[in-house]
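Per-entry structural report
Each chain, letter by letter, is given below.
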Amino acid sequence: MGERPGVLGAIFFILLFCGFGVGLVQRYLTSELRTIVKLVPDDATVVAAISVEQSDWDRVLDYGTPDSRTLVRTRLEAADARLSELTGLTFDRDVRPWLGDRIFLAMLPPRNVSNDMDPESIATGYSPVFFLPVENSRRAREALVRSSETAGELVERDYKGFLIRDSEAFSIAQIETMAAIGPDRSSVERTIDAYLSERTIASVEGYSDAWNILAGADSAASVYFNVASASEFLASQSVGKVDEIDRPSVRTQGSMLALFLADGGIEVNGLSWLAPSSDRRYDRDVPTPQIAEAIPDFAAIALAGLDFPQIWQDYLRDSRVNALLPIDPEWLRTALSTTLNLDLEDDIIAWTTGEFALAAIPAPSNQSPLPLGVTAFVDTADPKPADVFFEKLDRTVRERYGIPVEPIKVGDRTVLRWTMRQQGLTVERGWLTRTMAFFSVGASVADTFVGGVEESLVDSPDFRAALPSQGLENRNGFFYADVATLLAEGGLGTLRLPPEQDAMLRAIDSIAITGGIHDERRSRYDLFLRFVGSEE
């Protein structure tokens, strides 16, 4: 039977990508891309293409608020100042006249990594290599001569028939129509070795197909992740080193993202594909979750998916090597056991086999000092184990912590409420249907969905406008954040962000991520970042 890729993993992956703020560009059928795939070593961890077209950046600078636009302009000016400090060059005067419409960046992993190396040594061993398409060789040489006045004297040498120029700051060589620039001699030499041996990303399984599926003449950005190489790095950074013999094999070969500048925001389309050695198969007949229809249309955050036990198994597998995952499974097991006398797998995950959703719902006006109630919805094939879990949980909090658990009426339904000592903190739980349970913590919000909602989130115009337009129609999960509502409702609580981060966050109207199955070997993830001021 086919498997379903975890939408939570997809969401984490895409949010991580966006959190690093990568601004990248690609157009597949260009001579630059036909050249670059013959140059980048096949073990490169990340390969990105970065637009230098003025029209693209002008459009980016139209997004958001005046404060966010000013911040982006300031950062671009700082980058140009840094370029001038290092090389004596400015981008518009010295680089743009000979450069193509995009530059490329590859991150090469350190060679000969062993399990006894310390994480810092491995992290600092990564080498960036920039690839600049040269459209005017004369002007490029003139810029190189000017840069030597700041970067230091250029020393020429031959490496396997290629002329490499070394300075104290960088090494550079021209290969076909590309100038390869690295911070050291080794990175440029590795690029030449890959080119001569043809061991480049052009030979990576699934790479070309992904370009064809995602890229197009109108795409504005792209980035490729070598998942096997990235996994090696994450394993090296994990707390408690994992011996290579004990490390789970990598099932995903690669992931690719393409970015489009759309009306009102930025859309990112992503594709991940399985390694040739993996016998895993995805189930193409995955239904779109219907459980989100229980969430009211004014929810500030919502997430929906299928088959939580499968997602948890994937998370357990990944947690063995991935230091970036936010929750340690063993810590969670211990915390639930010692505080609530619960077994995570047997008492909770075992019955969560159907659809599930999580929502942050604003409290009705003036009814709670807390701004939101966070509610989990779970549809189960067998309600009996769920009832056993809830009864055990109620008994534990009542007997161990002295928290009263009392039935209340919400419409014609009975809901159990914990009366907490903390002012405004409420826990409510119950059943919406014979098979759909809910559990809510925070502000009291049960009356916003028990008995049905006036309009569901998935049917609301704001939600539909927030979805990626190029995503798959048959989605097996989604994440949605109405950032404007979250901020207006005080959803960040007492958290105060630094001014720059706050300005960028307030420029965002909403974020939506969807996940689905492209075919039995590939999964699809799409994101739309909608900015404040977007036309309805």
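The coordinates are above.
Residues numbered from 1 in each chain as written. Predicted model: local features only at pLDDT ≥ 70, side-chain atom pairs only at ≥ 80, totals over all residues. Heavy atoms only, no water.

1. A look at the packing of aromatic side chains
To be explicit about the condition: Pairing of aromatic rings covers Phe, Tyr and Trp, the last counted by its six-membered ring, and requires centre-to-centre distances within 6.5 Å; plane angles under 30 degrees mean stacked, over 60 mean edge-to-face, and any other angle means tilted. Type-normalised accessible area, obtained with a 1.4 Å probe on protein chains alone, sets the label of each residue: buried when under 20%, exposed when over 50%, and partly exposed for intermediate values. Secondary structure elements are taken from DSSP: a helix is a run of H or I of four residues or more, a strand is a run of E of two residues or more, and numbering for both begins at the N terminus.
Inspection of the entire model under this criterion finds 17 aromatic pairs. Seen from their ring centres, Phe389 and Phe390 are 5.0 Å apart, and the 50 degrees between their planes marks the pair as tilted. Comparing Phe389 with Phe390, the two get one shared label, buried. Ring geometry for Phe390 against Trp431: centres 6.4 Å apart, planes inclined by 85 degrees, an arrangement best described as edge-to-face. Remark: Trp431 occurs in strand 16 (residues 426-431) and Phe390 occurs in helix 14 (residues 383-401); sequence separation between them is 41 residues. Joined through ring pairs, the aromatic side chains of Trp351, Phe389, Phe390, Trp418, Trp431 and Phe439 make up one cluster.

2. Some words on the side chain of Arg429
We count it as follows: We define a polar contact as two N or O atoms separated by no more than 3.5 Å, with the added condition that, inside protein, one atom must be a possible hydrogen donor and the other a possible acceptor, whereas residues neighbouring each other in sequence contribute only through side-chain atom pairs. Contacts: residue pairs with any heavy atoms within 4.5 Å of one another.
By the element assignment, Arg429 lies in strand 16. For Arg429, the side chain forms a polar contact with the side chain of Asp394, separated by 2.3 Å. In this structure Arg429 touches Phe390, Glu391, Asp394, Val415, Leu416, Phe438 and Phe439, once residues within four positions along its chain are discounted.

3. Digging into the pattern of salt bridges
Using the following cut-off: Salt bridge, as used here, is a side-chain nitrogen of Lys or Arg placed within 4 Å of a carboxyl oxygen of Asp or Glu.
As enumerated under the stated definition, the model contains 27 salt bridges in all. One salt bridge in this structure joins Asp166 and Arg185, with 3.2 Å as the shortest N-O distance. Note that Asp166 is positioned in strand 5 (residues 162-166) and Arg185 in helix 8 (residues 185-197), a separation of 19 residues in sequence. Here Asp166 falls in the buried class, since its relative accessible area comes to 9%. Asp509 serves as the salt-bridge partner of Arg530, at 3.3 Å between the closest nitrogen and oxygen. Here Asp509 lies in strand 19 (residues 508-519) and Arg530 lies in strand 20 (residues 522-531), a separation of 21 residues in the sequence. Owing to a relative accessible area of 7%, Arg530 belongs among the buried residues under this scheme. Through salt bridges with shared partners, a single network forms among Arg157, Asp166, Arg185 and Glu189.

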